[in-house]
Amino acid sequence: MSERQADLARGQVSRPSLDSPRSPLQAIEPEPSALAEWTPRAWLVGSGIGAMLAVTNVYMGLKTGFWESGCLMSALLAFGGLSVLSRRGAPLSPLETNLAQTTAVSVGATPASAGLIGAVPALALLGTQPPGWAVAAWGVGLGALGVLFAYLSRRRLLEEEALPFPTGVATSQLISTLHSTGSAYAARARGLWVSGVVSAVLTWRRDALGVIPGASLLPASVRLGGVGADRLMLGVGWMPMLLGIGVLAGPHAGLSLLLGSALAWCGVAPWLVHTGKAAAEYGELSSWLLWPGVGLMVGASATSLLSQLRALPAMVGDIRALGAHREGWESAVGRGVGRVVLPVILLCLLAGTWAFGLGPLELLLALGVTFPLCAVCARATGQSDIAPISHVGQLTQVGFGMVAPGREGLNLAAGAVVSGAASHTSSSLWSLQAGRLLGARASRQFLAQLSGLLWGVAVAVPTYFVLVSVYGLESNVLPVPTARQFKAVAQLTSQGLAGLPPSSALAMGGAFVVGGLLSVAGSRERWARVLPSAAAMAIGLFVPAYYAVTICLGSLVAYAVGRLRPSALQPVQAMGTGAILGETLLGVLIAVLIASGFMAPPG
């Protein structure tokens, strides 16, 4: 889902809202006294924040399909943590905060690179559960490929072409503001911690004590097309995390999500029951609605990537320029990149062969298309601040389905190779842009990003297996929308249309066209804010309706605050982050207690 989840399918969730007009994209020359950045405390604080972010992304991704890069959140938390440690040590510098933030983002992105949000649960739904060690190796290998590509292409994208990467700009501005304005941190931190505590208390009362319901649904007496509203999951969720996602996502994403959900559950679902094409049960209706959702997403993906063809010569240049024109430490990295990539490829090969059903040639083919598609993701992220990670993964699935039909596991694994590497490419470039503007050394950021991978999988993989063992996949607690999407594309490309529910193939074809049209029209600036997001609408078809309603409420609250009192928007966004952290961290803790036998699931 993020993944920042600016791309709603993979996810990242928020566009930055800046305190001041965007700064020109020019790097700052650091003062000699401010060069302390690679310090033990920076790495430790960044690793701790990254662990929280990794846990959050596993929990949030399995529930909603969203995941968050955490660039802004980790910068805020890193400043707070390092400020405490600096009281008895060396003064804190912006570069140290940036390195901690860079480490945290790399750790937090490992659930996406390891496929824990999409490919791994999708394989489990197909009856194959890769072992934990293989998933961890997979995540480290693909994450390292993404980090390497980001580092070695940064000069061309960030300096020669000066692509904006707006989240990176926002992160650098936030770090500068925190270090220059004494009151900037206090308002944000207060909102984050207060909302985090409230969110944790509500989650405990809901999931541990069972005194608060997961959602308040409309009664069965409210009927749409003869179907009770409770069967359609219409209502509002008692989930602070969903409100927080809405606050970070903004009104465009929130309203797009609500539109997709309203069309699905207030229009199509009652029609399916009325015509006898599906029973009035949430599970059966959701299985039918999955297919037009996939059509909408794939249509938008194909059109979006086709629009990047005009930039193909520049992407080829990105790949050819890897390791070129470097100086000093960077020159050594450029010359030794082959030595680094080879063991990484072998690591991926081992994991893929034993756990994902990939042969050596098949994995090499997937890796062969990874770098061009990472270039597509990097360029799209730099230009629009939206990383089309799920898009490139799904199109890889389609391509492998044509080359090797009938092999669903291969199809999923190939898509996971591309989307896993691309997730770290985009998030790494946001951090590298922030560091460049602050005057950080990219070589040190590169080391921090690589070092975060091992710690990331050590946290994320156990979190995934605990949640799945306690709640199960495709349950009310873990709807796994992204995994269902990966699984559906694999089945479609492997088995064709024969196994689809009645009339769903036609709906999927129509949704494919709509997704393509929305993608084309949305690429024009004057239409981008008016037309809905195809990716967000598709998620509205995957998740329960009350998810979409609650997320939309959060987005509208943030929008109203921004319009009525712009100065309060930043603290409100910090409250949204706190709401997400409070629920996800306590939700995982409750799952650990249940799995350990210290707590019984609420009745």
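To start, this report covers the structure provided alongside it. None of these values were measured; they are calculated from a predicted model.

### Some words on the overall build of the protein
Move 1: Assigned secondary structure in the protein consists of 23 helices and 4 strands.
Move 2: Residues counted as buried form 59% of the 603 residues belonging to the protein.
Move 3: Element-wise, carbon and sulfur atoms account for 66% of the exposed surface of the protein, whose accessible area totals about 22,300 Å².

### With respect to the environment of Gly540
Move 1: Tracing the sequence through the fold places Gly540 in helix H21 (residues 534–542).
Move 2: Along the backbone, Gly540 and Trp265 are 275 residues apart, and their C-alpha atoms lie at a distance of 9.2 Å.
Move 3: Aside from chain neighbours lying at most four places away, what touches Gly540 is Leu257, Gly260, Ser261 and Trp265.

### As for the pattern of salt bridges
Move 1: All told, the structure shown has 7 salt bridges when counted by the stated rule.
Move 2: Between Arg484 and Glu474 there is a salt bridge, with the nearest N and O atoms lying 3.4 Å from each other. Pair noted here: Arg484 is in helix H18 (residues 481–495) and Glu474 is in the loop between helix H17 (442–471) and H18, with a separation of 10 residues, a long-range link.
Move 3: For Arg484, a relative accessible area of 9% puts it in the buried group.
Move 4: Under the relative-accessibility criterion, Glu474 is labelled partly exposed at 42%.
Move 5: Sharing partners across several salt bridges, the network here consists of Arg154, Arg155 and Glu159.

### Quick word on the side chain of Ser419
Move 1: Position of Ser419 relative to the elements: it lies in helix H16 (residues 408–438).
Move 2: A residue is classified by how much of its surface remains accessible, and Ser419, at 9% relative accessible area, is buried.
Move 3: One polar contact links the side chain of Ser419 to the main-chain carbonyl oxygen of Gly415, over a distance of 2.9 Å.

### Comments concerning the packing of aromatic side chains
Move 1: As enumerated under the stated definition, the model contains 5 aromatic pairs in all.
Move 2: Between Tyr464 and Phe465, the ring centres sit 5.2 Å apart and the planes meet at 80°, which makes this aromatic pair edge-to-face.
Move 3: Residue class for Tyr464 comes out buried when judged on its relative accessible area of 0%.
Move 4: On the numbers, 5.2 Å between centres and 65° between planes, the contact of Tyr546 with Tyr547 is edge-to-face. Tyr547 carries the same exposure label as Tyr546, and that label is buried.

### A look at H18
Move 1: Along its 15 residues, H18 runs 21 Å from first to last C-alpha, staying within 8% of the 21 Å computed at 1.5 Å per residue.
Move 2: The buried fraction of H18 amounts to 12 of the 15 residues, a majority that puts the element mostly inside the structure.
Move 3: Of the residues making up H18, those classed as buried are Pro481, Thr482, Ala483, Arg484, Gln485, Phe486, Lys487, Ala488, Val489, Ala490, Thr493 and Ser494.
Move 4: Positive phi appears at Gly496, one or two residues downstream of H18, with a value of about 80°.

The rules behind each value
Residues numbered from 1 in each chain as written. Predicted model: local features only at pLDDT ≥ 70, side-chain atom pairs only at ≥ 80, totals over all residues. Heavy atoms only, no water. Helix = DSSP H or I, 4+ residues; strand = E, 2+ residues; numbered from the N terminus. Buried < 20%, exposed > 50% of the residue type's maximum accessible area, 1.4 Å probe, protein only. Areas by Shrake-Rupley, 256 points an atom, 1.4 Å probe, with all protein chains shown as cover. Contact = heavy atoms within 4.5 Å. Salt bridge = Lys/Arg side-chain N within 4 Å of Asp/Glu carboxyl O. Polar contact = N/O pair within 3.5 Å; in protein donor to acceptor, adjacent residues only side chain to side chain. Phe/Tyr/Trp six-rings, centres within 6.5 Å; stacked < 30°, edge-to-face > 60°. Expected span 1.5 Å × (residues − 1).

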